[in-house]
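Each chain, written out:
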Amino acid sequence: MGGGVVSVDWLASADRSSPWPEVHAFVVGLGRSGMAAADALLEVGARVTVVDGGQSAALEERATIVRTLDGTVHLGPDATAELPQDVDLVIASPGWQPDAPILVQAAERGLPIWTDVELAWRFMHPDRVVPWLGITGTNGKTTTTQMLTAMLTAAGLSVAEVGNIGRPPLEALADEVSHDVFVVELSSFQLHHSPSLRLHSAAVLNLQPDHLEWYQWAEDPYQAYADDKARIFHQVRHACVYNVQDRATEAMVEEADVVEGARAIGFTLGVPGLSMLGVVDEYLVDRAFIAERRSSAQELAAVSDVQPNAPHNVANALAAAALARSFGVPPTAVRDGLRAVQVGAHKIETVAEVRGIRFVDDSKATNPHAVEASLAAYESVVWLAGGQAKGTSFDELVRRHRDTLRGAVLFGVDRQVIADALARHAPEVPVIVLESTETGVMAQAVARAVEMAQPGDVVLLAPGCASKDIWSGYDARGDAFVTAVQAWRADVAEWNDEGEEGQDERRRGDVGPDGQDD
């Protein structure tokens, strides 16, 4: 019977064995996570309605599959306006803010609102239980997730890498192989509507303002963001991993309601104290998961095993190692995993070095704190930045790194936010603001950056902003940067082949890059 109080009360303790045919589940969003939720709910016999405000060929294809499985799908702007009266449960895709009208309606009726992650946690029970190692934080989540997966794999374990990294955990639950452990990257959005998670161990890597536009419904958006991050430590059974250099993450552990016996484990770029992992003489060492913690440290890997071994990435490796060690992984597997891991593209990735100028793609740096790590790695930078600032401020970033900046080239919808911060705190830094909102703006940005750069400089794409004002994602933005750099490098090579006379003609404007008259 749909829409009744009894049904809602029963859902509070639901797992996969519960009588799901009694439930009308309403899935908001038909992306990959929404599709996984709809499929899983239909498999257990629930009545499922899926809505999505978009209309595209990809959505229509997914809608056809859901309808074939006897689900109902509504697409288009009007599909998400009203919540039917007989709904018992709402599954919200992570991008949907709590103040979206359809979620407000659900909350006013007292309906449970879950993410696909929450649904996966429940559907894992009672008979498919797999330990979860969780990772969250403002920056470094995906890299740390990949490092941890590599360490666990090097230890001979079957690992499913799921969550915010791209693959819904519901898909992994359906795998034919029986996994030993799930490595789960969790965003604050996913944690907001996932109240039942009880992880084996979890880490919060850092905390800085980000995604504040998602939290505009809250009286204090930053505190609401922090509170959601802290949810990952709720009822942790083994280890809560925090960043010694980030007091906010340690406070989360101190305030967490954990299972008795769970330990607080710190990671630091300095010499570790008791119950910490850290760095000694260019080695990553463990003083937490060894028998004689008070007097010795276990060597895990060399700093050189971390690539790239910029400080923030070494911190990521230490956090991954802490989670791996909490799961019983031996030191050799930590080392072998770090040596084997293939970190995804667009993360402080050198794409070219021409005429003494190094070009670095860090398009994944989508907030000021991530840019902080990039700028700290270099001595002289021409900075390419801009996009969707998500309500964040660049003032402190510019104050700290003004002496690093040779110049800045800005683009994107919130370019003026960064320009204003530079004007306030680094007025001596040359700034070029590009007005174009087309993808070709990246080629312009690279060309203008090269004009400023000198041998020994780094032209750094570290936008500090989201990308979807111009590109489909940070990866597409990074690809555009790489393409623009390659085109410029090819042009330079052509110039070099012509000799001085041809180059002089180009400088006068007599000949275009293809050798034809302009």
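These numbers were taken from a predicted model, which means no experiment stands behind them.

What counts, and at which threshold
Residues numbered from 1 in each chain as written. Predicted model: local features only at pLDDT ≥ 70, side-chain atom pairs only at ≥ 80, totals over all residues. Heavy atoms only, no water. Helix = DSSP H or I, 4+ residues; strand = E, 2+ residues; numbered from the N terminus. Rg over C-alpha atoms; globule rule 2.2 N^0.38 Å. Buried < 20%, exposed > 50% of the residue type's maximum accessible area, 1.4 Å probe, protein only. Areas by Shrake-Rupley, 256 points an atom, 1.4 Å probe, with all protein chains shown as cover. Lys, Arg positive; Asp, Glu negative; His and termini not counted. Charge placed at Lys NZ, Arg CZ, Asp CG, Glu CD. UniProt positions renumbered as here; feature names shortened; annotations may be inferred. Contact = heavy atoms within 4.5 Å. Polar contact = N/O pair within 3.5 Å; in protein donor to acceptor, adjacent residues only side chain to side chain. Salt bridge = Lys/Arg side-chain N within 4 Å of Asp/Glu carboxyl O. Patch = residues over 30% accessible without salt bridge, like charges linked within 9 Å, V, L, I, M, F, W, Y side chains within 5 Å. Pairing = 2+ DSSP bridges. Axes fitted to C-alpha atoms, helices over the stretch in contact; angles between N-to-C directions. Core = buried A, V, L, I, M, F, W, Y, C linked by side-chain atoms within 4.5 Å. Domains from an automatic or database assignment. Right-handed = clockwise from strand over helix to strand, strands pointing away.

A short note on the overall build of the chain
Moving on, step 1. When you go through the chain residue by residue, the secondary structure sums to 17 helices and 20 strands.
Moving on, step 2. Relative to its length of 518 residues, the chain is compact, with a C-alpha radius of gyration of 25 Å against a globular reference of 24 Å.
Moving on, step 3. Seen along its three principal axes, the alpha-carbon backbone of the chain occupies a region of about 85 × 65 × 45 Å.
Moving on, step 4. Looking at the chain as a whole, 55% of its 518 residues are labelled buried.
Moving on, step 5. Total accessible area on the chain is roughly 21600 Å²; 47% of this is exposed by carbon and sulfur atoms.
Moving on, step 6. Of the side-chain charges in the chain, 40 are positive and 74 negative, and the distance between the mean point of each set is 5 Å.

Points about the UniProt feature "binding site: ATP" (unreviewed entry) in the chain
Moving on, step 1. UniProt annotation of "binding site: ATP" (unreviewed entry) refers to G137, T138, N139, G140, K141, T142 and T143 when read in the numbering used here.
Moving on, step 2. Note on placement: K141 falls in helix α6 (residues 141-154).
Moving on, step 3. Filtering out sequence-adjacent residues up to four positions away, K141 remains in contact with I135, T136, N164, E185, L186, L205 and K229.
Moving on, step 4. A distance of 3.5 Å separates a polar side-chain atom of K141 from the backbone oxygen of T138.
Moving on, step 5. Along the polypeptide, T142 turns up in helix α6.
Moving on, step 6. Exposure remark for T142: the relative accessible area of 11% places this residue in the buried category.

Concerning the UniProt feature "domain: Mur ligase C-terminal" (unreviewed entry) in the chain
Moving on, step 1. Residues annotated by UniProt as "domain: Mur ligase C-terminal" (unreviewed entry) correspond here to residues 348-464.
Moving on, step 2. Taken end to end, residues 348-464 is 33% helix and 25% strand, and its first and last C-alpha atoms sit 13 Å apart.

Observations regarding the pattern of salt bridges
Oppositely charged side chains can form a pair if their charged atoms are brought close together.
Moving on, step 1. Here the structure, examined in full by the defined rule, presents 20 salt bridges.
Moving on, step 2. Each of R32, R167, E171 and D175 takes part in salt bridges that share partners, so that together they form one network.

Describing a negative patch on the surface
Moving on, step 1. A cluster of acidic side chains, namely E219, D220, D227 and E255, defines a negative patch on the protein surface.
Moving on, step 2. For D220, the location among the structural elements is in the loop between β9 (201-204) and α9 (221-230).
Moving on, step 3. Look at D220 and you get partly exposed, because its relative accessible area is 42%.

Examining the sheet that holds strand β20 (residues 458-461)
Moving on, step 1. Across the sheet, six strands lie side by side as β15-β16-β20-β17-β18-β19; this open sheet has mixed pairing. Of all strands in the sheet, those bounded by a partner on one side alone are β15 (349-354) and β19 (431-433). Between one strand and the next, the sheet's axes are offset by a mean angle of 15°, whatever the strand orientation.
Moving on, step 2. As paired strands, strand β18 (residues 405-410) and β19 are joined by three bridges and run parallel to one another.

A closer look at the environment of R448
Moving on, step 1. Turning to its location among the elements, R448 is positioned in helix α16 (residues 441-452).
Moving on, step 2. A relative accessible area of 33% means that R448 is categorised as partly exposed.
Moving on, step 3. Separated by 146 residues in sequence, R448 and A302 place their C-alpha atoms 39 Å apart.
Moving on, step 4. Setting aside chain neighbours within four positions, we find R448 in contact with V409, I432 and L434.

Looking at the side chain of D116
Moving on, step 1. Mapped onto the secondary structure, D116 falls in helix α5 (residues 116-123).
Moving on, step 2. Put simply, D116 is tucked away with no salt bridge, and the nearest opposite charge, on R32, sits 8.8 Å away.
Moving on, step 3. Ignoring any residue separated from it by four or fewer positions in sequence, one finds D116 in contact with S33, A37, I91, P94, P168, P169 and L170.

Digging into the nonpolar core
Moving on, step 1. Judged by nonpolar contacts, the single largest core of 63 residues is most densely connected at W20, L30, L41, W132, L170, F182 and F233.
Moving on, step 2. With seven residues, helix α2 (residues 32-43) is the single largest residue contributor to this core.
Moving on, step 3. Split by domain, the residues of this core number at least three in each of domain 1 (21-114) and domain 2 (119-340).
Moving on, step 4. With residues up to four places along the chain from it excluded, the contact list for L170 reads A36, A37, A40, D116, L119, A120 and F123.
Moving on, step 5. Membership of the second largest hydrophobic core comes to 39 residues, among which are V159, A239, V241 and V314.

Side note on the pairing of strand β4 (residues 89-92)
Moving on, step 1. Burial along β4 is two-sided: L89 and I91 facing one way and V90 and A92 facing the other are all buried.
Moving on, step 2. Pairing analysis gives four bridges linking strand β1 (residues 24-28) to β4, with the strands arranged parallel. Bridge pairing links V27 to I91 in β4.
Moving on, step 3. Strand direction decides the pairing type here: β4 and strand β5 (residues 113-114), joined by two bridges, are parallel. In the sheet register, I91 faces β5, and the bridge partner there is W114.
Moving on, step 4. Handedness of the crossover joining β4 and β5 through helix α4 (residues 101-108): right-handed.

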